[in-house]
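The primary structure of each chain is shown beneath.
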Amino acid sequence: MAVVFAQLVTRGETHGVHALLVPVRDGSGRALPGVTIEDCGRKAGLNGVDNGRLVFDRVRVPREALLDRFGDVAPDGTYTSPSANESRRFFTMLGTLVRGRISVAGGAVAATEKALALAIRYGLTRRQFADPATGEEVVVLDYLVHQRKLLPALATAYALHVAQAGLVADMHDVQAAGADADEQAQRDLETRAAGIKAVATWHATTTIQTCREACGGAGYLAVNLLPQLKADTDVFTTFEGDNTVLLQLVAKTLLSDYGRRVARLDPLGRARFVADLVATAVAERTGLRAVLRRGDLRDRAYQRWLLAEREQHLLANAARRMRTALAPGADRFAVFNGAQDHLLVAARAHVDRLVSDAFAEAVERVADPEVRALLEQVRGLYALTVIEGDRAFFVEHGYLTAGRAKAVTRTVNALCGELRPHARTLVDGIGIPETWLACPLLAGEQTPAPDLAPVG
Ligand SMILES: Cc1cc2nc3c(=O)[nH]c(=O)nc-3n(C[C@H](O)[C@H](O)[C@H](O)COP(=O)(O)OP(=O)(O)OC[C@H]3O[C@@H](n4cnc5c(N)ncnc54)[C@H](O)[C@@H]3O)c2cc1C
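What you see is a predicted model; the values in this text were computed from it and never measured. (Residues numbered from 1 in each chain as written. Predicted model: local features only at pLDDT ≥ 70, side-chain atom pairs only at ≥ 80, totals over all residues.)

Caption draft 1: Just the overall build of the chain, in detail. Helix and strand counts for the chain come out as 15 helices and 8 strands. Across its three principal axes, the chain shows a C-alpha extent of roughly 90 × 70 × 45 Å. Residue burial in the chain is summarised as follows: out of 456 residues, 31% are buried. Considering only residue pairs separated by 6 or more positions, the chain has 69% of its internal contacts joining residues 24 or more positions apart. (Helix = DSSP H or I, 4+ residues; strand = E, 2+ residues; numbered from the N terminus. Buried ≥ 20, exposed ≤ 12 C-beta atoms within 10 Å, placed from the backbone. Contact = placed C-beta atoms within 7 Å.)

Encoded structure:
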């Protein structure tokens, strides 16, 4: 049988997407009349899962086949639902699908961490080229560029891990409330799930490739697990929603929330809002911001200010561009299409700030001061990695001077060096069972890690 999500139409009225149980094969495994079943064929990875297409042509099922938690049909075709509001019903129904998207994000984070554990541990044993001072060959993780490849990616994996844990907890709360779930909470969850799924799966794809390269030729051997990991997670950026399309969804929600916030302002609030926009434009032209606010690059509040300003700036400007789409006679498609790149970076900036906040909150919850201090450094590396990745934005819009932008890079380098002695602790702290990492790549290790329970 298949669970088919389809439009439910009774007495000529459409009630939206509902789930139906539909038999697809007879007792001997042949497709039933009207049902066409095709296999998609061999894929780049995930070949343990069969993906196929089902086509239904005039297939009938009795009305009892409807999974009726959110809506039912009486023998005379009358439709009833515990949720009278159609849009609410639609979101409740879609809400059941958010689980898949959140699971893919979780799978992406886990795969990234596994790849990082393999590459970082290999980097602690693999030696290349002698240090002229000692004549001793250097372990590759002592090279700055190697640290650069792996440690910011590890910090990002930690950040996404805690953001993902928060998402799972919120999903539990929303779904436990069932039809009574708060509509806004449900929409927020959808948006956050879309954003974190996109960012986590892109991070998985780039990081797993980096880890493969960081293990040299050994990383290319199937026996060392990385090639299969790469093949199986590649499609995570596409299924459960293409990442680009998901970030557009995030941007659209942000824009409508922003529009509602501005509409709610009283006349004084609106006047302040316009004054802020003018001040913003002036500060941008004069580079004033960078002069007015020159915080310590390692300071959490300063990092947060930069990330929040980027988010607000991109969103406010996107909203301004979108306003032209509302003018009479405007070509709405052309306006939206012309601003697509802008909308995507605004959505990305929003997710980065959310993830960064989630990490900061998680660090605060750690009771052990030594562990907290170490995690605070990891958090700082994550935040500065994001800022460094978008240096052009911060310089172009007057948040950082060119000199400060270079200082960001120097600070990232310094943090990589400071975290290098803790690299093994940090990968062990993820708590990946040793049996999952068992491969010849790690055979050179003197002291395999004990199986640790994950912290927090
Ligand atoms: C292994 C696998 C398993 C799957 N399992 C399931 C499943 O169980 N159930 C199910 O329902 N589906 C499943 N899918 C389908 C999956 O959800 C879709 O492949 C995915 O949503 C992308 O859609 P598409 O393939 O049509 O890509 P397209 O929409 O054709 O995208 C192609 C390219 O166009 C870009 N693009 C598309 N629209 C826009 C736009 N508006 N603006 C800018 N760029 C755009 C995309 O970013 C992408 O780069 C599966 C897919 C795979 C590969």
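Anyway, onward from the coordinates.
Caption draft 2: Representation of the environment of V24. Here V24 shows up in the loop between strand 2 (13-22) and strand 3 (35-39). It is 52 Å that separates the C-alpha atoms of V24 and L375, two residues lying 351 residues apart in sequence. Sequence-distant contacts of V24, defined by excluding residues within four places in its chain, comprise M1, A2, A31, L32, V35, I37 and L54.

Caption draft 3: Representation of the environment of T385 within the structure. Among the secondary structure elements, T385 is positioned in helix 11 (residues 369-389). The class for T385 is buried, based on 21 C-beta atoms found within 10 Å. Separated by 165 residues in the primary sequence, T385 and Y220 place their C-alpha atoms 27 Å from one another. Non-local contacts of T385, meaning those with residues more than four positions away in its chain, are made with P152, A155, T156 and V412.

Caption draft 4: Examining the domain arrangement of the chain more closely. Assigned domains within the chain: domain 1 (2-80), domain 2 (87-241) and domain 3 (245-280 + 289-430). With 7 residues of domain 1 in contact, the opposing surface of domain 2 contributes 9 residues. Looking at the side of domain 1 that touches domain 2, its residues break down into 4 nonpolar, 3 polar and no charged. (Domains from an automatic or database assignment. Nonpolar A, V, L, I, M, F, W, Y, C, P; charged D, E, K, R; others polar.)

Caption draft 5: Highlighting the pairing of strand 3. Counting buried residues along strand 3, only 0 of its 5 residues qualify, which leaves the element largely exposed. Note that strand 3 and strand 4 (residues 52-56) share 5 bridges and pair antiparallel. Following the sheet pairing, V35 is matched in strand 4 by F56. (Pairing = 2+ DSSP bridges.)

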